[in-house]
Amino acid sequence: SQQGEEDPQALSIQEGENATMNCSYKTSINNLQWYRQNSGRGLVHLILIRSNEREKHSGRLRVTLDTSKKSSSLLITASRAADTASYFCATDRGNNNDMRFGAGTRLTVKP
Amino acid sequence: DGGITQSPKYLFRKEGQNVTLSCEQNLNHDAMYWYRQDPGQGLRLIYYSQIVNDFQKGDIAEGYSVSREKKESFPLTVTSAQKNPTAFYLCASSSRLPGGNEQFFGPGTRLTVL
């Protein structure tokens, strides 16, 4: 069963703008991870945030986690055309190290 | 080069045939996973293995089978019992260190049933 749900399903912005994607989940988690997928390719890990963390940064990426609301957000600042991809959140419940992925947000950054 | 490979990239199968998708990793990871992705959708877990000679069903295991005879290899067989097998299949691996770890993905195999 899907655990995370991303919002919006699709997002189109101009280069240089910020992109914000949200993820909601249903059960308690050990950590939450964000992945990126270029069309027809495998997924690439972007960032992991643990359940006891509230915010994490990596380059132009900023991730927040609110366990009381069971939600997370991914912010990409100063977007580039090369950021065009699908972005997925994945929740790790800590059971047997298996994760559940959401349906993803398709981001298009126009040059 | 360390990484995870899948072959073939594209696979065509006639209805009623079994087909096996290959997944190999040289990352020395204990855990390996198989996911199915349908167009515009997220990933659904088919099977996973935490250690050699052991594996567990994921959310959509019906019509699929796996084996884990070697640490490096986790082949997936799509059987004729899988009613709608056309999809993109992704293999992943991760270490088993506590606290959760990122999964490393292969490039995927696109299976089409003719």
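Here the structure is a predicted model, which is why all the values come from computation and not from measurement. Starting afresh in each chain, residues are numbered from 1 along the sequence in its written order. Here chains are named by letter from A upward and ligands by number from 1 upward, in the order in which they appear as written. In keeping with the model being predicted, local features are shown solely for residues with a pLDDT of at least 70 and side-chain atom pairs are shown and tallied solely at 80 or more, while totals for entire chains, interfaces and linings include all residues. Each side-chain value is derived from all of the structure's non-hydrogen atoms; neither hydrogens nor water enter the calculation.

Caption draft 1: A look at the overall build of chain A. Where helices and strands are cited, they refer to DSSP runs of H or I of at least four residues and of E of at least two residues respectively, numbered from the N terminus. Assigned secondary structure in chain A consists of zero helices and eleven strands. Written out in order from the N terminus, the α and β elements of chain A read β-β-β-β-β-β-β-β-β-β-β. Its C-alpha atoms give chain A a radius of gyration of 13 Å, within 12% of the compact-globule value 13 Å for 111 residues. Taken along its principal axes, the extent of the C-alpha atoms in chain A is 40 × 30 × 20 Å. Each residue is placed in one exposure class: buried if its accessible area under a 1.4 Å probe, protein chains only, is under 20% of its type's maximum, exposed if it is over 50%, and partly exposed if it falls in between. The buried share among the 111 residues of chain A stands at 46%. A separation of at least 24 residues holds for 55% of the contacts in chain A among residues at least 6 apart in sequence. For accessible areas, the Shrake-Rupley method is used with a probe of radius 1.4 Å. Any residue's cover is judged against the shown protein chains and nothing else. For chain A, the computed accessible surface area is about 5200 Å², with 44% contributed by carbon and sulfur atoms. The sign given to each residue is positive for Lys and Arg and negative for Asp and Glu; His and the chain ends receive no count. For this purpose, a charge sits on NZ of Lys, CZ of Arg, CG of Asp or CD of Glu. If the 15 positive side-chain charges of chain A are averaged to one point and the 11 negative ones to another, these points end up 2 Å apart. For this measure, only C-alpha atoms enter the radius of gyration; the expected value for a globule follows 2.2 Å times N^0.38, where N is the number of residues. Note on definitions: a residue-residue contact is assigned when non-hydrogen atoms from the two residues lie within 4.5 Å.

Caption draft 2: Main features of the pairing of strand 6 (residues 54-57) of chain B. Residues and elements named next belong to chain B. Judged from the three bridges that link them, strand 5 (residues 43-51) and strand 6 form a sheet pairing that is antiparallel. Pairing of Tyr 47 across the sheet is with Lys 57, part of strand 6. At least two bridges found by DSSP between two strands are what make those strands a pair. Counted along the chain from strand 5 to the antiparallel partner strand 6, the turn is two residues long, and its residue Asn 53 has a positive phi close to 65°.

Caption draft 3: Local environment of the interface of chain A and chain B. The interface is formed by 25 residues belonging to chain A together with 27 residues belonging to chain B. Take the accessible area each of two parts loses on contact, using a 1.4 Å probe, and add the two losses: that sum is the buried area. Counting each side, the surface lost to burial between chain A and chain B is near 1800 Å², with a carbon and sulfur contribution of 45%. What makes a salt bridge here is a side-chain nitrogen of Lys or Arg within 4 Å of a carboxyl oxygen of Asp or Glu, nothing more. Where chain A meets chain B, there are one salt bridge. The salt bridge involving Arg 100 of chain A is made with Asp 59 of chain B; its shortest N-O contact spans 2.8 Å. The term polar contact refers here to a pair of N or O atoms within 3.5 Å; inside protein, the definition further demands a hydrogen-donor-capable atom paired with an acceptor-capable atom, and it admits residues adjacent in sequence only when both atoms are side-chain atoms. Where chain A touches chain B, the interface holds three residue pairs in polar contact (both at pLDDT 80 or more). Elements that contribute at least two residues to the side of chain A that touches chain B include exactly strand 4 (31-37), strand 5 (43-50), strand 9 (85-92) and strand 10 (99-101) of chain A. Residues belonging to the side of chain A that touches chain B are distributed by class as follows: seven nonpolar, twelve polar and six charged. Residues are grouped as follows: nonpolar covers Ala, Val, Leu, Ile, Met, Phe, Trp, Tyr, Cys and Pro; charged covers Asp, Glu, Lys and Arg; every other residue, Gly included, is treated as polar.

Caption draft 4: Layout of the nonpolar core. Residues belong to a common nonpolar core when they are buried Ala, Val, Leu, Ile, Met, Phe, Trp, Tyr or Cys residues joined through side-chain atoms within 4.5 Å. Residues Met 21, Leu 32, Trp 34, Leu 74, Ile 76, Tyr 87 and Leu 107 of chain A are the most contacted members of the largest nonpolar core, which totals 20 residues. Sorting the residues of this core by element identifies strand 3 (19-24), strand 4, strand 5, strand 7 (61-66), strand 8 (71-76), strand 9 and strand 11 (105-110) of chain A as the ones contributing at least two each. Those residues within four positions of Leu 32 of chain A in sequence are excluded, and the remaining contacts are Cys 23, Tyr 25, Ile 47, Leu 48, Ile 49, Leu 65, Ser 72, Cys 89, Ala 90 and Thr 91 of chain A. Within the second largest apolar cluster, 19 residues are counted, among which are Cys 23, Ala 87, Cys 91 and Leu 111 of chain B.

Caption draft 5: Highlighting the sheet that holds strand 1 (residues 5-7) of chain A. Residues and elements named next belong to chain A. Taken together, five strands build an open sheet; the order of strands is 1-3-8-7-6 and the sheet is antiparallel. Both edges of this open sheet fall to strand 1 and strand 6 (55-58), since each of them pairs with a single strand only. Across the sheet, the mean angle from the axis of one strand to that of its neighbour is 20°, orientation sign disregarded. Relative to strand 7, strand 6 is paired through four bridges, and the arrangement is antiparallel. Bridge pairing in strand 7 places His 57 opposite Arg 62. Each axis is a line fitted through C-alpha atoms, and for a helix only the stretch in contact is used; angles between axes span 0 to 180 degrees, taken between their N-to-C directions.

Caption draft 6: Local environment of the pairing of strand 9 (residues 87-94) of chain B. All names here are of chain B. Among the eight residues that make up strand 9, eight are buried, leaving the element largely enclosed by the rest of the structure. Along strand 9, one buried face is formed by Ala 87, Tyr 89, Cys 91 and Ser 93 and the opposite face, lined by Phe 88, Leu 90, Ala 92 and Ser 94, is buried too. Looking at chain direction, strand 4 (residues 31-37) and strand 9 are connected through seven bridges and run antiparallel. When the sheet's bridge partners are listed, Met 32 is paired in strand 9 with Ser 93. Here three bridges tie strand 9 to strand 11 (residues 109-113), and the two strands are oriented antiparallel to one another. Within the sheet, the bridge partner assigned to Phe 88 lies in strand 11 and is Arg 110.

Geometric descriptors of this kind do not, in isolation, establish any biological role.
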